[in-house]
Amino acid sequence: MSDKIPEGNRSARERLAQQREREKGREKRRRTLIVASAVVGVLALAAVVGLIAANAGKDDGGDTASGPAVAPSGAIGEDALTLPVGAADAPSTLTIWEDFRCPVCAQFETAFRDTITELADDGQVKVEYHLATIIDGNLGGTGSLRAANAAACAQDAGKFAAYHDVLFANQPPEPDDAYGKNSRLIELAGEVEGLDTPDFRSCVEDGEHDSWVKKSDTAFREGGFQGTPTVLLNGESVFPSKGDEQISPENLKKWVAAANKGKKPGTATPTAPADGSSAPADPSSAPAS
């Protein structure tokens, strides 16, 4: 018996093989198109999110704070937009941008407040807080602005850290603009010993630091940050992760220890507010909206 394939059968098999190759090619192109479409979709979504963050605060519910930016007592840094907590000579700096209406900031605060307080109290980090009004820009209202102004008023009284904690602990639901009411902010000041004074009330009701808050928010938007909270350790982003490691209280301590290796802890007292009261000794927090 011959071991050769009859010509007719050979042609049929070749045609079948060619058809299978064409089908494989079509399937490969189809999968490539699906993957490419998915990638484009993800990039488009990222662009939209980035645009929202970039434009945050441009529409702040119609508030028209004007006049010169009056920085709160003890504010430091470029344009005096930084509220410092902890030893000024600490070997590492933890920079936190936050919005008092931002729910992720409140979650960050809850999870990391004790850790950041411990690191600051031990002179391992100085915490530099910056305030933004991203939620006002995204959802409307003035709660972000009003709360930030009240926090700056608390800074004047040397009570920023404690009041900062109270605001996050009592944060209303994101769509609820409860912090847009000065009366609510003054009510919460009653939870901080010695804060609810005529000077504080006047500062809150007059919006004394509104223009300063807006200037801080402009710096946030122009800084290229993606949202709140933004958390930087010595200038490097550590929220929600640092490299391949997710942030956690344990990892934050580890990262600070590595950055501070061979360095002495800080001991210098932060600059006292102009009214002569002592500056806050414990960091109020740790946020991210």
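Computed from a predicted structure; not experimentally measured. (Residues numbered from 1 in each chain as written. Predicted model: local features only at pLDDT ≥ 70, side-chain atom pairs only at ≥ 80, totals over all residues. Heavy atoms only, no water.)

Some thoughts on unusual backbone geometry
Cis geometry marks the peptide bond from Thr228 to Pro229; its omega dihedral reads 0°. Take Pro229: it is sitting in the loop between helix H8 (210-222) and strand S4 (230-233). With an omega dihedral of 10°, the bond running from Phe239 to Pro240 counts as a cis peptide bond. For Pro240, the position within the fold is in the loop between strand S5 (236-237) and strand S6 (241-242). Of note, Asp79 is a non-glycine position whose phi angle comes to about 60°, a positive value. Checked against the element boundaries, Asp79 lands in the loop between helix H1 (7-55) and strand S1 (83-85). Relative accessible area serves as the criterion here: at 44%, Asp79 is assigned to the partly exposed category. The backbone of Asn234 shows a phi angle near 50°, a positive value even though the residue is not glycine. Along the chain, Asn234 falls in the loop between S4 and S5. (Helix = DSSP H or I, 4+ residues; strand = E, 2+ residues; numbered from the N terminus. Buried < 20%, exposed > 50% of the residue type's maximum accessible area, 1.4 Å probe, protein only.)

Some remarks on the nonpolar core
Core analysis: the largest hydrophobic core is formed by 57 residues, its most contacted members being Tyr163, Leu167 and Phe200. Element by element, the count of residues in this core is highest for helix H4 (residues 143-156), at 8 residues. Not counting chain neighbours up to four residues away, the residues in contact with Phe200 comprise Ala150, Cys153, Ala154, Tyr163, Leu185, Ile186, Ala189 and Leu195. (Core = buried A, V, L, I, M, F, W, Y, C linked by side-chain atoms within 4.5 Å. Contact = heavy atoms within 4.5 Å.)

With respect to the packing of H4 against H8
Any two packed helices are characterised by how steeply their axes cross, that is the angle between the axes, and by the distance between the axes. Contact geometry of H4 with H8 gives a least axis separation of 9 Å together with a crossing angle of 110°. If you check the angle between H4 and H8, you find them roughly perpendicular. Regarding H4 and H8, the two cross each other, and that crossing is right-handed. Contacts between H4 and H8 involve Leu145, Arg146, Ala148, Asn149 and Ala152 from the former and Asp210, Trp212, Val213 and Lys214 from the latter. (Axes fitted to C-alpha atoms, helices over the stretch in contact; angles between N-to-C directions. Parallel < 35°, antiparallel > 145°, perpendicular 65-115°, else oblique. Left-handed = near helix turned anticlockwise from the far one by under 90°.)

What to know about the packing of aromatic side chains
Under the defined criterion, the tally for this structure stands at 8 aromatic pairs. With a centroid separation of 5.3 Å and an interplanar angle of 40°, the aromatic rings of Trp97 and Phe225 are classed as tilted. Here Trp97, found in strand S2 (residues 92-98), pairs with Phe225, found in the loop between H8 and S4; they are 128 residues apart in sequence, far enough to count as distant. On the basis of relative accessibility, which here comes to 6%, the residue Trp97 falls in the buried class. Here the aromatic rings of Phe100 and Phe168 are separated by 5.0 Å at their centres, their planes lie at 40°, and the arrangement is tilted. (Phe/Tyr/Trp six-rings, centres within 6.5 Å; stacked < 30°, edge-to-face > 60°.)

Quick look at the sheet that holds strand S3 (residues 125-131)
Pairing in this open sheet of 5 strands is mixed, and the strands run S1-S3-S2-S4-S5 from one edge to the other. Whereas interior strands pair on both sides, the edge strands pair on one side only; in this sheet they are S1 and S5. Sheet topology places S1 next to S3; 3 bridges connect them, and they run antiparallel. By the bridge assignment, Leu83 is partnered in S3 with Tyr129. (Pairing = 2+ DSSP bridges.)

Comments concerning the side chain of Thr82
Assignment of secondary structure puts Thr82 in the loop between H1 and S1. Within the structure, the side chain of Thr82 is placed 3.3 Å from the side chain of His130, a separation counted as a polar contact. Once residues within four sequence positions are removed from consideration, Thr82 is found in contact with Gly74, Ala75, Ile76, Gly77, Glu128, Tyr129 and His130. (Polar contact = N/O pair within 3.5 Å; in protein donor to acceptor, adjacent residues only side chain to side chain.)

Regarding the pairing of S4
The alternating pattern of S4 places Thr230 and Leu232 on one face and Val231 and Leu233 on the opposite face, and all of these are buried. Pairing of S2 with S4 involves 4 bridges; the strand directions are antiparallel. Paired with Trp97 across the strands is Thr230, a residue of S4. In the sheet, S4 pairs with S5 via 2 bridges, with the strands oriented antiparallel. Considered in S5, the bridge of Leu232 is made with Ser237. The antiparallel pairing of S4 with S5 creates a hairpin that spans 2 residues between the two strands, and Asn234 there sits at a positive phi of about 50°.

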